[in-house]
Each structure stands twice: as structure tokens, then as C-alpha cells.
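# Understanding the architecture of this molecule
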Amino acid sequence: MLRINDGAPNFTAQTTQGEINFHEWIGNGWAILFSHPKDFTPVCTTELGYMAGLEPEFAKRNCKIIGLSVDPVGSHSRWKADIEETQGHKVNFPLIGDPELKVAKLYGMLPAEGGDTCEGRTAADNAAVRTVFVVGPDKKIKLMLSYPMSTGRNFDEVLRVLDSMQLTAKHKVATPVNWKQGDDVIILPVVSDEEAKQKYPGGWKAPRPYLRIVPQPRQ
């Protein structure tokens, strides 16, 4: 079972943009791998369309997007036309073909005994394949989300969490409940008061010694 901060398993697979090696494809940036139980399913059609619209925002944050479905690449290409027509956004990021279920099993999206082919499977058979992984530049898993079949995923939330994680990586701060860009942040406990004074000479609010609140640092 994968956990946050585990290494993201590497793989080579065919996509709608040719064969990729996952780690090489990520490069030195961030990546989102999100999966779907089957092509031509209604909720996932809306999700892929929304992510296609959000792709420029992720690109600003040096984050690539890649989708996965356990159907072949040829099926993905036909599905992409439906997505563009019904959702108004063209899918320009790659979609992984996983007809032998190898990537789905590698990432724990399907159980090992879940078979070895997409043939004859329904979306219900693939119910576990509705997850989101955010992978950092160090190729470690930074976020995992799993959703039920009937609930569309909130990719605005994934963007918000990415902003938070990138802020933490650069400035040693954490983000409080319901944080959004521009809100106050919290100095990490590992940062001593002496170090914090150097970084924040204007001081901070501290309703408790362990709760040091400062304005969001500039990115």
C-alpha cells in the first residue's frame, strides 16, 4: 500500500502522446496522475474536461498532468473527441492506456487478483480506479485522494493543495484550515524563534507559543 512520501513507482506505458517513462516524463517538476475506471463514463468525462481547462494553471506551477484509464489508447483518442464536444475543452495532456491493468495495480488502484485485462470489464469492476496522486520533483508521492464512483473530484482543491505544498517547500510554512492564496500562514514548528526572527523581522502573531502566524511570503 502506497503512502505519502513513498517513492512514486516508475513505469513505462503507451499514452495518447506515445510511449513514456513516468519518471523521465515528470522531469524536474511536479506531476498529477489521476485515474478513471473506464472510457466514456459520465462523471469522468466532466472531470477530464475540467482538468483540460485548468491545465494552464498547473503549467504555471511547473506541474504536468497525466490521466489513466484501463482501456487502450485508441479508445482514449475517441473519448477525447467526446470530452471536447461536451465539455468545451480540448484534452492536451497525455492519457495512459492500461489494458493489462499493470499501472492500476502498481499504484494500488486495483487489487492484485483483479484480473489482467480490461476486456469485458465495466466501470463497476474498476471502482477502485478513481484516485489522484501528486508527485513531487523528488519523485515521491505528496498527495493521494480516492473518490467514490458517483462523486466528481474537486480539482480546484488539488490546485489549492499544490500551492500549499510548494509554499511549504520554499518557505518552511504550513497552511491553516481552508487556506487560499494570500491568506496568513503558520511558521513550521521545526523553525526556531531565532531563525523565524531572521526570516520575519516584523514579527508574528502567536495566540499560543506553538501557533506562530505570519502573512504569506511572496512566491
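In what follows, the structure referred to is the one given above.
Per chain, the residues get numbers from 1 upward, laid out in the order the sequence is written. Local features in this predicted model are restricted to residues whose pLDDT is 70 or higher, and side-chain atom pairs enter the listing and the counts only when it is 80 or higher, whereas totals over whole chains, interfaces and linings include all residues. Calculated side-chain values reflect all of the structure's heavy atoms, with hydrogen atoms and water omitted.

### A word on the overall build of the chain
Helix and strand assignments follow DSSP, with helices taken as H or I runs no shorter than four residues and strands as E runs no shorter than two, numbered in order from the N terminus. Broken down by element type, the chain carries six helices and eleven strands. Expressed along its principal axes, the backbone C-alpha trace of the chain runs to roughly 60 × 35 × 30 Å. For the chain, buried positions account for 44% of its 219 residues. Whether two residues are in contact is decided by their heavy atoms, any of which lying within 4.5 Å being enough. Within the chain, residue pairs in contact and separated by at least 24 positions form 65% of the contacts whose partners lie at least 6 positions apart. Accessibility throughout is a Shrake-Rupley quantity obtained with a 1.4 Å probe, and a residue counts as covered only by protein chains that appear here. By element, 53% of the accessible surface of the chain is carried by carbon and sulfur atoms, the whole surface being about 11,200 Å². For the purpose of charge, His is not counted, nor are the chain termini; Lys and Arg are scored as positive and Asp and Glu as negative. A charge is said to be at NZ when it belongs to Lys, at CZ for Arg, at CG for Asp and at CD for Glu. Charge centroids of the chain, computed over 26 positive and 26 negative side chains, lie 8 Å from each other. The cut-offs for exposure are 20% and 50% of the maximum accessible area for each residue type, with area from a 1.4 Å probe on protein chains only; residues under the lower value are buried, those over the upper are exposed, and the others partly exposed.

### Some remarks on the side chain of Gln-166
If you trace the backbone, Gln-166 turns up in helix H5 (residues 155-171). Within the structure, Gln-166 has its side chain in polar contact with the backbone oxygen of Arg-61 (distance 2.9 Å). When neighbours within four sequence positions are excluded, Gln-166 is seen to be in contact with Trp-30 and Arg-61. For this analysis, a polar contact is any N or O atom pair within 3.5 Å, provided that within protein one partner can donate a hydrogen and the other can accept it, and provided that sequence-adjacent residues contribute only side-chain to side-chain pairs.

### Things to note about the pattern of salt bridges
The salt bridge criterion pairs a side-chain nitrogen of Lys or Arg with a carboxyl oxygen of Asp or Glu, the two atoms within 4 Å. Across all of its chains, the model carries 13 salt bridges by this definition. Ionic pairing is found between Asp-193 and Arg-212, a salt bridge with its closest N-O pair at 2.9 Å. Taken together, the residues Asp-193 in helix H6 (residues 193-199) and Arg-212 in strand E11 (residues 211-214) connect sequence positions 19 residues apart. A residue is classified by how much of its surface remains accessible, and Asp-193, at 37% relative accessible area, is partly exposed. Each of the salt bridges in this network shares a partner with another, and the network as a whole consists of Glu-57, Lys-60, Arg-61 and Asp-163.

### Quick look at the environment of Glu-100
Secondary-structure assignment places Glu-100 in the loop between strand E5 (95-97) and helix H4 (102-106). Overall, Glu-100 belongs to the partly exposed group, its relative accessible area being 45%. Taking the C-alpha atoms as reference, Glu-100 lies 47 Å from Asp-184; in sequence the two are 84 residues apart. Apart from the residues lying within four places of it in its own chain, the contact partners of Glu-100 are Asp-116 and Thr-117. Here Lys-102 takes part through its side chain, which lies 3.0 Å from a polar atom of the side chain of Glu-100.

### Looking at the pairing of strand E10 (residues 205-208)
Here the rule is simple: two strands pair whenever DSSP picks up at least two bridges between them. The sheet contact formed by E10 and E11 spans two bridges and is antiparallel. Residue Lys-205 lies in a different strand from E11, and its bridge partner there is Ile-213. Following E10, the chain reverses through two residues before pairing antiparallel with E11.

### A short note on the packing of aromatic side chains
Only the six-membered ring of Trp is used, alongside the rings of Phe and Tyr, when aromatic pairs are assigned; centres must lie within 6.5 Å, and planes under 30 degrees apart are stacked while those over 60 apart are edge-to-face, with the rest tilted. Scanning the model with the defined rule gives eight aromatic pairs in all. Considering the side-chain rings of Phe-11 and Tyr-107, the 6.1 Å spacing of their centres and the 85° angle between planes classify their relative orientation as edge-to-face. Of the two residues, Phe-11 sits in the segment before strand E1 (12-15) while Tyr-107 sits in the loop between H4 and strand E6 (131-135), which places them 96 residues apart along the sequence. Judged by relative accessible area, Phe-11 falls into the buried class, the value being 7%. A ring pair is formed by Tyr-107 and Phe-133, whose centres lie 5.0 Å apart and whose planes are at 70°; its orientation type is edge-to-face. In this pair, Tyr-107 is assigned in the loop between H4 and E6 and Phe-133 in strand E6, connecting sequence segments 26 residues apart. Relative accessible area serves as the criterion here: at 3%, Tyr-107 is assigned to the buried category. The class for Phe-133 is buried, based on a relative accessible area of 3%. Taken together, the ring pairs in this structure connect Phe-11, Phe-22, Trp-25, Tyr-107 and Phe-133 into an aromatic cluster. The rule for a charge over a ring is simple: NZ of Lys or CZ of Arg within 6 Å of the ring centre, and within 35 degrees of the ring normal. Over the aromatic face of Trp-25 sits the side chain of Lys-64, whose NZ or CZ is 5.2 Å from the ring centroid.

### A closer look at helix H3 (residues 73-87)
Its 15 residues place the ends of H3 20 Å apart at the C-alpha level, agreeing with the 21 Å of an ideal helix rising 1.5 Å per residue. Residues of H3 that are buried sit in contact with strand E3 (30-36), helix H2 (42-60), strand E4 (63-69) and E5. Multiplying 1.5 Å by the residue count of a helix minus one yields the expected span of that helix.

### Quick word on the layout of surface pockets
Buriedness of a pocket was judged along seven lines, with at least five required to meet protein on both sides within 12 Å; pockets are open sets of points on a 1 Å grid over the protein atoms alone, cavities are sets where a 1.4 Å probe fits but cannot get out, and lining residues have an atom within 4 Å of a point. Grid points are joined across faces, edges and corners, and a volume is the space filled by probe spheres set on the points. When its volume is computed, the largest pocket comes out at roughly 160 Å³. The set of elements that each furnish at least two residues to the lining of the largest pocket consists of E6 and strand E7 (141-146). Looking at the lining of the largest pocket, its residues break down into nine nonpolar, three polar and no charged. When residues are sorted by character, Ala, Val, Leu, Ile, Met, Phe, Trp, Tyr, Cys and Pro go into the nonpolar class, Asp, Glu, Lys and Arg into the charged class, and all the rest, Gly among them, into the polar class.

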